[in-house]
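Commentary on secondary and tertiary structure
What follows is each chain in one-letter form.
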Amino acid sequence: MTSVRAALQIVGDATGVSRAWIFQTLSRGDDHVLQDHIFEYAPNPRWAQLHRKKFRLFRSTLDDPSYRHLVEGRIRGQPAAFVTDRIDPGFLREDQESQSILSMLTAPIMVGGEWWGTLGLDDCERAIQWSPDDTAYLQTAAGLISGAIHRQHRTALARQVTVIERFTGSGMWELVLAPPRLWCSDSLFTMLGYPPPYAQMNVRRLVRHLDRDDQSRVMTAVRACLDGTSPGFRMDCHAHRLNGTPVWLELITDTVNANETTGRPGRLAGLVLEASERKARELELGQAALTDTLTGLPNRRAFQKHASRAVTDRSADTAVLMVDIDHFKQINDSLGHAAGDEALRALARMLRAALRDTDLVARMGGEEFAILLAENVAEAYDVAERIRQAVASTIMRVTDLSGQPQDLSLTVSLGLAAQHPTDGQETLDVLLSRADRALYSAKRAGRNRVCVDQGAPDPADGTTR
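Let me sum up the structure you'll find in this document.

Rules of the game
Residues numbered from 1 in each chain as written. Predicted model: local features only at pLDDT ≥ 70, side-chain atom pairs only at ≥ 80, totals over all residues. Heavy atoms only, no water. Helix = DSSP H or I, 4+ residues; strand = E, 2+ residues; numbered from the N terminus. Polar contact = N/O pair within 3.5 Å; in protein donor to acceptor, adjacent residues only side chain to side chain. Contact = heavy atoms within 4.5 Å. Axes fitted to C-alpha atoms, helices over the stretch in contact; angles between N-to-C directions. Parallel < 35°, antiparallel > 145°, perpendicular 65-115°, else oblique. Nonpolar A, V, L, I, M, F, W, Y, C, P; charged D, E, K, R; others polar. Pairing = 2+ DSSP bridges. Core = buried A, V, L, I, M, F, W, Y, C linked by side-chain atoms within 4.5 Å. Buried < 20%, exposed > 50% of the residue type's maximum accessible area, 1.4 Å probe, protein only. Salt bridge = Lys/Arg side-chain N within 4 Å of Asp/Glu carboxyl O.

1. Here we look at the side chain of Asp359
You can see Asp359 is positioned in the loop between α11 (337–354) and β13 (360–365). Among the polar contacts listed, one links the side chain of Asp359 to the backbone nitrogen of Arg356, at a separation of 2.9 Å. Excluding anything up to four places from it in sequence, Asp359 contacts Leu372, Leu373 and Ala374.

Given below as structure tokens:
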């Protein structure tokens, strides 16, 4: 604040007053103002007051009409001139007289449109009739001091922004609405792939970095902020850098200086965080939640999620196969659970090899697997038979309880249920239930076979596999 002190001395020397001072406004209430005496220039030590405790963090009530009128004018940015013996009796006049002030001229210091403080001239030796030129001069000085304070604020803010951006890996932006003006931090330009020196960014150019669908989502959220229906928003968006490379961004936006009457903000401000690593972790976790860890196949949850959409879509034939390893408990009991796990992994590999990339196979739990096919019943039956024969003809190597390799032959039973686009609507649960019923029929008929459920109920559905 050296520049402010220098400006204060220039003003004091140019006017020849007893003292030039600055009070900072700390807070205002309906009935008081809290101020602090932070700068003073008094060429004659006799008139210096900066050292007096009464002017440090002092609170003034607004009971006196003259003083209330003075404060209200300062809030509006208006200067004020006084000759003390012409002030109406009350707090303001008594306060002037207690300081031996014969005349005073003040101009509010406005920073960002707000009353930041007051620049004042006190003359304790002359009752000066302040002229319009005197007032204009002081207002000019107040404006210069306001600019110095604003520059200091911006410098301090820039340092804070740099620290925040360094530790959060974020960029910052601020949109002033009237008149429209967008500010973006250097790190936001860097995040979006712009090389220095950085050009002025406008809103349209910034939004174009978002994918088209996310542009619509963001602008809808922004409009909700502008009309006062939302205080802000937070969302993930898929975007691209200047060179076209994709990047995930997290947008955190808040409204600033909302109008108490309309609820509409004066500014929007926000953080932009690069979220590519987080989104990759979320995708990985999401995939893990839908994957069977033993076989690497989709699990029951994934099957139900994806198959439900296919079953609901009536544009193609749809078939479900339920596959179950025959006598699987005997494998676990005689060779051990490790051998059983090897058998499950081997069957998973055979199922994948027998199917197309567009088919869906999942482990539903235990030794049971499900397959979704876009086939009619005859075509699906051929697939099921091909799977059954491939499994029955394969000899696999597993490790028994003693750690020795053993040859193992498997067979599987399969239940098939299919629906045609012209059939009545069936849910996935119904189709799975029908396929499961057919699987029970295959078990009852001797295993190692394919059975088809034609839709008629089976009264002996409770047979144990």
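2. What to know about the packing of helix α10 (residues 328–335) against α11
For the pair α10 and α11, the least separation of the axes is 6 Å and the interaxial angle reads 140°. Viewed along their axes, α10 and α11 adopt a mutual orientation that is oblique. Counting all contacts with α10, which are made through Phe328, Ile331, Asn332 and Leu335, the residues of α11 involved are His337, Ala339, Gly340 and Leu344. The class makeup of the residues in the contact of α10 with α11 is five nonpolar, three polar and no charged.

3. Some remarks on the sheet that holds strand β1 (residues 19–28)
The six strands lie next to each other as β3-β2-β1-β6-β5-β4, forming an open sheet whose pairing is antiparallel. This sheet does not close on itself; its edge strands, each paired only once, are β3 (58–61) and β4 (80–83). Geometrically, the sheet is characterised by an average inter-axis angle of 30° between neighbouring strands, direction not taken into account. As paired strands, β4 and strand β5 (residues 103–111) are joined by four bridges and run antiparallel to one another. Each residue of the ladder has a partner; that of Ala81, found in β5, is Leu105. Helix-sheet contacts for helix α2 (residues 65–75) involve β1, β2 (32–41), β3, β4, β5 and β6 (114–123), and the interaxial angle to β5 is about 40°.

4. Some points on the nonpolar core
Formed by 37 residues in total, the largest nonpolar core has its most connected members in Ile371 and Ile387. The greatest single-element share of this core, amounting to nine residues, is contributed by α11. For Ile387, the contacting residues outside a window of four places in its chain are Leu321, Leu351, Ala354, Leu355, Ile371 and Leu414. By size, the runner-up hydrophobic cluster in this structure holds 25 residues, among which are Leu175, Cys225, Val247 and Val272.

5. Some details on the pattern of salt bridges
Taken as a whole, this structure holds 23 salt bridges when the rule is applied. Two residues, Asp122 and Arg19, come together in a salt bridge whose shortest N-O distance is 2.9 Å. In this pair, Asp122 is assigned in strand β6 and Arg19 in strand β1, connecting sequence segments 103 residues apart. By the burial criterion, Asp122 is buried, and Arg19 matches it. A salt bridge links Arg434 to Asp453; the shortest N-O distance between them is 2.9 Å. Here Asp453 lies in strand β18 (residues 450–453) and Arg434 lies in helix α13 (residues 428–444), a separation of 19 residues in the sequence. In this structure Asp453 comes out as buried when scored by relative accessible area, which is 7%. Via salt bridges that share partners, Arg234, Asp236, Glu250, Arg278, Lys279 and Glu282 belong to a single interconnected network.

Just distances and angles here, no functional claims.
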